[in-house]
Amino acid sequence: MFLKTTNSTDDCFSRILLLLLIVLAFNGLQAQQVHSVSLKEALKLAKENNKKILRSQLEITLSEQNIKESKELRLPEIELNGEYSRITNITEFKGSGFLNGKEVTKAIPEIYQVNSTFKMPIYAGNKINNAIKIANQESEIAKIKTEKTENDIELEVVANYLSIYKMMELQKIFEENIKEEKNRLKEVQSLQKHGTVTKNEVIRAELQLSDRELNALTNSKNIKIALHDLKTLIQIPENEEIAIDTTAALEEMNGLDPYDFYMTKALQNEEMRMASQELNIKKTELQLVKGNYLPTVNFFGNYGFYYPNYKFFPPNPYLYTLGQVGIEAHFDISALYKNKTKVEQANKKIEWQQMQTEIIKDEIQDKLYKEHTQYQEILEKFVVVDKALDLANENYRIVKLKYLNQLVLITEMVDADNALLQAKYNKISTRLDAVLKHYELLHTAGIMPNEI
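Rules and cut-offs
Residues numbered from 1 in each chain as written. Predicted model: local features only at pLDDT ≥ 70, side-chain atom pairs only at ≥ 80, totals over all residues. Heavy atoms only, no water. UniProt positions renumbered as here; feature names shortened; annotations may be inferred. Helix = DSSP H or I, 4+ residues; strand = E, 2+ residues; numbered from the N terminus. Rg over C-alpha atoms; globule rule 2.2 N^0.38 Å. Buried < 20%, exposed > 50% of the residue type's maximum accessible area, 1.4 Å probe, protein only. Contact = heavy atoms within 4.5 Å. Areas by Shrake-Rupley, 256 points an atom, 1.4 Å probe, with all protein chains shown as cover. Core = buried A, V, L, I, M, F, W, Y, C linked by side-chain atoms within 4.5 Å. Salt bridge = Lys/Arg side-chain N within 4 Å of Asp/Glu carboxyl O. Phe/Tyr/Trp six-rings, centres within 6.5 Å; stacked < 30°, edge-to-face > 60°. Polar contact = N/O pair within 3.5 Å; in protein donor to acceptor, adjacent residues only side chain to side chain. Arc of directions from axis to C-beta.

- The chain goes by TolC family protein in an unreviewed UniProt entry, where it is assigned to Flavobacterium panici.
- For the chain, the Subcellular location (unreviewed entry) comment in UniProt is given as "Cell outer membrane".
- Recorded in UniProt for the chain, the comment headed Sequence similarities (unreviewed entry) runs: "Belongs to the outer membrane factor (OMF) (TC 1.B.17) family."

## Observations regarding the overall build of the chain
- Tallying secondary structure elements over the chain gives ten helices and eight strands in all.
- Against the compact-globule benchmark of 22 Å for 452 residues, the chain has a radius of gyration of 41 Å, which places it well outside the compact range.
- The principal-axis extents of the C-alpha atoms in the chain amount to approximately 140 × 90 × 45 Å.
- A total of 452 residues make up the chain; the buried ones form 34% of that total.
- In the chain, of all internal contacts separated by at least 6 residues, the share reaching a separation of at least 24 is 80%.
- If you sum the accessible surface of the chain, you get close to 28,300 Å²; carbon and sulfur atoms cover 56% of it.

## What to know about the nonpolar core
- Ranked by size, the top nonpolar core spans 46 residues in total, and within it Val157, Tyr161, Leu230 and Ile234 carry the most contacts.
- Residue assignment for this core shows that the elements contributing at least two residues are helix H2 (39-49), helix H4 (127-193), helix H5 (199-233), strand S6 (241-244), helix H6 (259-266), helix H7 (270-290), helix H9 (340-404) and helix H10 (410-445).
- With sequence-adjacent residues up to four places away left out, valine 157 is seen in contact with Leu39, Ala42, Leu43, Ala46, Leu230, Leu233 and Ile234.

## A few points about the pattern of salt bridges
- Under the counting rule described, the total for this entry stands at 19 salt bridges.
- Across the pair glutamate 48 and lysine 44 runs a salt bridge, and its minimum N-O distance is 2.8 Å. Remark: lysine 44 and glutamate 48 occur in helix H2; sequence separation between them is four residues, near one turn of the helix.
- Linking glutamate 440 and lysine 437 is a salt bridge whose minimum nitrogen-to-oxygen distance equals 2.8 Å. Of this pair, glutamate 440 and lysine 437 both sit in helix H10, separated by three residues, roughly a single helical turn.
- Judged by its relative accessible area of 13%, lysine 437 is buried.

## Section: unusual backbone geometry
- Going from tyrosine 307 to proline 308, the amide bond is cis rather than trans, its omega being -10 degrees.
- Considering the arrangement of structural elements, one finds proline 308 in the loop between strand S7 (296-307) and strand S8 (320-330).
- If you check the backbone angles, asparagine 126 has positive phi at about 65 degrees while not being a glycine.
- Relative to the assigned elements, asparagine 126 resides in the loop between strand S5 (110-123) and H4.

## Section: the packing of aromatic side chains
- This model, assessed by the stated rule, comprises seven aromatic pairs.
- Residues tyrosine 84 and tyrosine 112 carry aromatic rings whose centres are separated by 5.1 Å and whose planes lie at 45 degrees to one another, so their mutual orientation is tilted. Of this pair, tyrosine 84 sits in strand S2 (residues 77-86) while tyrosine 112 is found in strand S5, placing the two residues 28 residues apart along the sequence.
- Overall, the relative accessible area of 46% leaves tyrosine 84 in the partly exposed class.
- The class for tyrosine 112 is partly exposed, based on a relative accessible area of 37%.

## Description of the side chain of asparagine 339
- Within the fold, asparagine 339 resides in the loop between helix H8 (335-338) and H9.
- Judged by relative accessible area, which is 3%, asparagine 339 ranks as buried.
- Polar contacts involving the side chain of asparagine 339 include one to the main-chain carbonyl oxygen of valine 289, which spans 2.8 Å.
- With near-sequence residues (within four places) excluded, asparagine 339 lies in contact with Val289, Lys290, Asn292 and Tyr293.

## A word on H2
- Where H2 is concerned, the buried positions are Leu39, Ala42, Leu43, Leu45 and Ala46. Seen end-on, H2 carries its buried residues on one side only, within an arc spanning 165 degrees.
- Where H2 is buried, its residues touch strand S1 (34-37), helix H3 (51-71), H4 and H5.

Below, the structure is given as structure tokens:
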């Protein structure tokens, strides 16, 4: 009986231990699934895994294949043909009347032929060269588009990351403030018991605490949404949790070069280079259309086996071969008057693209000037927000001291608290806004750095 009890106890202990190990292993697995990323790592993951970037890289491959296809226009066209048929006898009507004087000639009923032909362009009004040139220009645009996509995604990652960073800092402020509000509520409730404050002040303190808790809840949900967006940008698996590494220091971009420096770079950014290539394509297309005025010259040849020999009549029942080689020229006379409209259209497309390039240039100038001015403004705010935080801290200290001595109402205490919270947030927000605006400025100028 004693042995049975001991065995039962051991089994129970073993099961508990096993269950504990399973729980610990599960918790360890869950902990491993939380992926903490720095801004630098997030940018690297986005460049490697973002679907828009991968799609743009496929477009480069397609454009390179288009170049190969255009170059293959220079290669000869070779065909192999075969034919088998049966024919009737040849019936002639040699009489003066309709279907009179019928005379039938026996024909060889079966016909066989196998032949091959080839044609190689010698001159085609420079159309093939222009087609290859357009394919190369389109490939260059695809490469620039990929570069622009990478920079756009990089800026999107930076903006998303800094937004999360800002909300997390705000969450810390809320949590600190909530803790202080709870202590203040206890103080007010204690004062009410002693009859030194009214019920209204207790309600006001409770409302302030409730408002802070609601703000903290909303902010925490916004953080989750933003983290999910970041996870999609850098293609972290859906079942893996993500967190940003707030311990990694963010370099403050305090330097600001002159506007002309950014403007010079911006005139060579991705949009301007794409517009320039589009203009080059329109000019090449004009040359392609003008090629319709010119003749085409081809080297050709054919060779075949034929049976029977219908080169003679009546046909000879012999297998024979026949080959031909030479040069052919083709000139479309109707193109002299039909191609005029196409040339005019091509010229108008060049004018349109030139105007579009000027529009893009104006938009970039306006955007760059705006971002340069805004960045300068943010940098000038640093001193202001630092001083405002010092003043808010001092104001809060004075008002709190007066409130504890029953010299001011709780409304003044709440106002001082709100002012301090706003000042703390403004300081953090301004620093992060400066980092983001710096990268927006670099993005517009087309000089996004590879690493942060």
